[in-house]
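Structural characterization, general
One letter stands for each residue in the lines below.
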Amino acid sequence: MRCSVLKGVGGFLPARVLTNDDLSQTLETSDEWIRRRTGIRSRHIAADGVLTSDLAVEAALRALEKAEIRPEEVDLVLVATTTPDRTFPSTATIVQGKLGLAQGMAFDISAVCSGFLYATTVADTLLQQGQATCALVIGAETFSRLLDWSDRTTAPLFGDGAGAVLLRAEEQPSPTGILASRLYADGGQWSLLYTDGGPSLNQKAGVVRMQGREVFRQAVEKMVQSLQEVLQVASVPLEEITWVIPHQANLRILEAVAERMAMPMERVLVTVDHHANTSGASIPLALEEGFASGRLAAGQTLLLTAIGAGLTWGASIIRLP
Ligand SMILES: CC(C)(COP(=O)(O)OP(=O)(O)OC[C@H]1O[C@@H](n2cnc3c(N)ncnc32)[C@H](O)[C@@H]1OP(=O)(O)O)[C@@H](O)C(=O)NCCC(=O)NCCS
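Residues numbered from 1 in each chain as written. Predicted model: local features only at pLDDT ≥ 70, side-chain atom pairs only at ≥ 80, totals over all residues. Heavy atoms only, no water.

Focus: the domain arrangement of the protein
By the assigned domains, the protein splits into domain 1 (2-171) and domain 2 (177-319). If you look at the interface, domain 1 gives 50 residues, while domain 2 gives 46 residues. Of the roughly 3600 Å² buried between domain 1 and domain 2, counting both surfaces, carbon and sulfur atoms make up 66%. The tally of links from domain 1 across to domain 2 stands at two salt bridges. (Domains from an automatic or database assignment. Contact = heavy atoms within 4.5 Å. Buried area = accessible area lost by both parts, 1.4 Å probe. Salt bridge = Lys/Arg side-chain N within 4 Å of Asp/Glu carboxyl O.)

So, the packing of helix α6 (residues 212-234) against helix α7 (residues 251-260)
Contact geometry for α6 and α7: axes closest at 9 Å, N-to-C directions at 40 degrees. Regarding the angle of α6 to α7, the classification is oblique. When the axes of α6 and α7 are compared, the crossing they make is right-handed. Mapping the contact onto sequence places Phe216, Ala219, Val220, Met223, Val224 and Leu227 in α6 and Arg252, Ile253, Ala256, Val257 and Arg260 in α7. In terms of residue class, the contact of α6 with α7 is made up of nine nonpolar, no polar and two charged. (Axes fitted to C-alpha atoms, helices over the stretch in contact; angles between N-to-C directions. Helix = DSSP H or I, 4+ residues; strand = E, 2+ residues; numbered from the N terminus. Parallel < 35°, antiparallel > 145°, perpendicular 65-115°, else oblique. Left-handed = near helix turned anticlockwise from the far one by under 90°. Nonpolar A, V, L, I, M, F, W, Y, C, P; charged D, E, K, R; others polar.)

Overview of the side chain of Gln300
Here Gln300 is to be found in the loop between α9 (282-292) and β12 (301-308). With a relative accessible area of 13%, Gln300 lands in the buried category. A polar atom in the side chain of Gln300 sits 3.1 Å from the backbone oxygen of Arg295. Apart from the residues within four sequence positions on either side, Gln300 is in contact with Thr242, Trp243, Arg295, Ile318, Arg319 and Leu320. (Buried < 20%, exposed > 50% of the residue type's maximum accessible area, 1.4 Å probe, protein only. Polar contact = N/O pair within 3.5 Å; in protein donor to acceptor, adjacent residues only side chain to side chain.)

Let's talk about the site of the ligand
Inspection of the region around the ligand gives 22 residues, with Thr29, Arg37, Arg152, Arg213 and Asn250 positioned closest. Within the side chain of Trp33, an N or O atom sits 3.4 Å from a nitrogen atom of the ligand. Separating a nitrogen atom of the ligand from a backbone N or O atom of Arg152 is a distance of 2.9 Å. For the ligand, whose free accessible area comes to 960 Å², the fraction covered by protein is 75%. Secondary structure elements with two or more residues in the shell around the ligand: α2 (31-38), α6 and α7. For the shell around the ligand, the leading source of residues is α6, giving four residues. When we break the shell around the ligand down by domain, the ones giving at least three residues each are domain 1 (2-171) and domain 2 (177-319). (Near = heavy atom within 4 Å. Areas by Shrake-Rupley, 256 points an atom, 1.4 Å probe, with all protein chains shown as cover.)

Here's the deal with the packing of helix α3 (residues 52-67) against helix α4 (residues 91-98)
In the contact formed by α3 and α4, the axes pass within 9 Å of each other and the chain directions differ by 55 degrees. It follows that α3 is oblique to α4 by the angle criterion. The two elements α3 and α4 meet at a crossing, and its hand is right-handed. Residue-level contacts link Thr52, Ser53, Asp54, Ala56 and Val57 of α3 to Thr91, Ile94, Val95 and Lys98 of α4. Looking at the contact of α3 with α4 residue by residue, the classes come out as four nonpolar, three polar and two charged.

Notes on the sheet that holds strand β8 (residues 177-185)
To summarise the sheet geometry, strands pair through backbone hydrogen bonds and adopt either a parallel or an antiparallel arrangement. One open sheet holds the four strands; their spatial order is β8-β13-β12-β11, and the pairing between them is mixed. Strands with a single pairing partner mark the edges of an open sheet, and in this sheet they are β8 and β11 (243-246). Pairs of neighbouring strands in the sheet enclose a mean axial angle of 15 degrees, with direction left out of account. Summarising the sheet, β11 and β12 pair through four bridges and their orientation is parallel. Residue pairing for β12: Val244 is matched across the bridge by Leu303. Contacts from α6 reach β8, β11, β12 and β13 (312-319), with the element oriented near 145 degrees to β12. (Pairing = 2+ DSSP bridges.)

Details of α6
With 23 residues, α6 extends 32 Å from end C-alpha to end C-alpha; this agrees with the ideal 33 Å at 1.5 Å per step. Of the residues making up α6, those classed as buried are Val215, Gln218, Ala219, Val220, Lys222, Met223, Val224, Ser226, Leu227, Val230 and Leu231. (Expected span 1.5 Å × (residues − 1).)

Brief notes about the nonpolar core
Counting residues in hydrophobic clusters, the biggest one holds 45 residues, and the most contacted among them are Val208, Leu231, Ile241, Val257, Met261 and Leu303. Going through the elements one at a time, β8, α6, α7, β12 and β13 are the ones with two or more residues in this core. Here this core gets eight residues from one element, more than from any other, and that element is α6. Two domains share this core, each providing at least three of its residues, namely domain 1 (2-171) and domain 2 (177-319). (Core = buried A, V, L, I, M, F, W, Y, C linked by side-chain atoms within 4.5 Å.)

Given below as structure tokens:
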């Protein structure tokens, strides 16, 4: 059977680390408050002049190296981002150009914190249809550029970074790679989380505005719902899942999801403490850290879930080769 197999993962974080104590120098907040309410201790911030495409290229090169795949084999570049370099062209085409590639397709996916799951699902479909054979799927963000640094209710929550996966269409004797995905959106709820600017609205990028409490409530409910549905669709029992790899927004959200799924936190990959919320980059960055630390290994079955502005949300099951 033709499968979308995960061949390699790469991640890249900008060098500058901003701690909660650093933030409390300029905001009326404290390390204690941020850690207790979110689990976040620090986040990485891209230097001036470093663009989303720069982070994306670094993550992509690492994923290609891990996969032992030459860039020339890639015929699909997808970038999930909320912070594109420019309004146009897509960051994916800029990344494709920086990688020296000129074949196949390249486009961005806009689903905010669910963007990476949306992108892997689109890549899986194109690989299954035979429209592409080797996909570089990247989540990359310079989310710090969308923050109102005087707003203590949003500024501490986000960070910058990029993660990339290499998916290749391969004939396999048994189901491998992406086993199933489920994606959802409810546009009636866009005003829970948005930027107050846009090219059409006011020719600005804007900054994040959020109703935190309601987003929290929706996040727990919708992540659990999508996890249960994708398990059912794939006919995979929960006992077969080695790791849950959720979008990293708030440790308390992850704990609530784990509790409702009757999943011990020891089987949930957590990076939010040192990455904060890197939006579209958070799941591939967690995957990269999971491999680098030896927690992710061949033959394991992973359960991914995310929720983001829109609202958008979803879940996927991936079996590692
Ligand atoms: C944002 C979030 C951390 C706030 O935590 P909370 O427990 O819901 O706190 P509330 O918003 O009810 O605020 C409680 C109080 O803390 C204050 N507060 C908010 N941020 C603060 C900060 N950084 N430092 C100190 N106090 C803060 C509020 O002003 C409020 O004060 P008040 O009671 O005097 O009005 C939490 O709602 C959350 O994480 N939501 C989900 C956000 C998210 O993940 N978004 C991305 C999804 S992809």
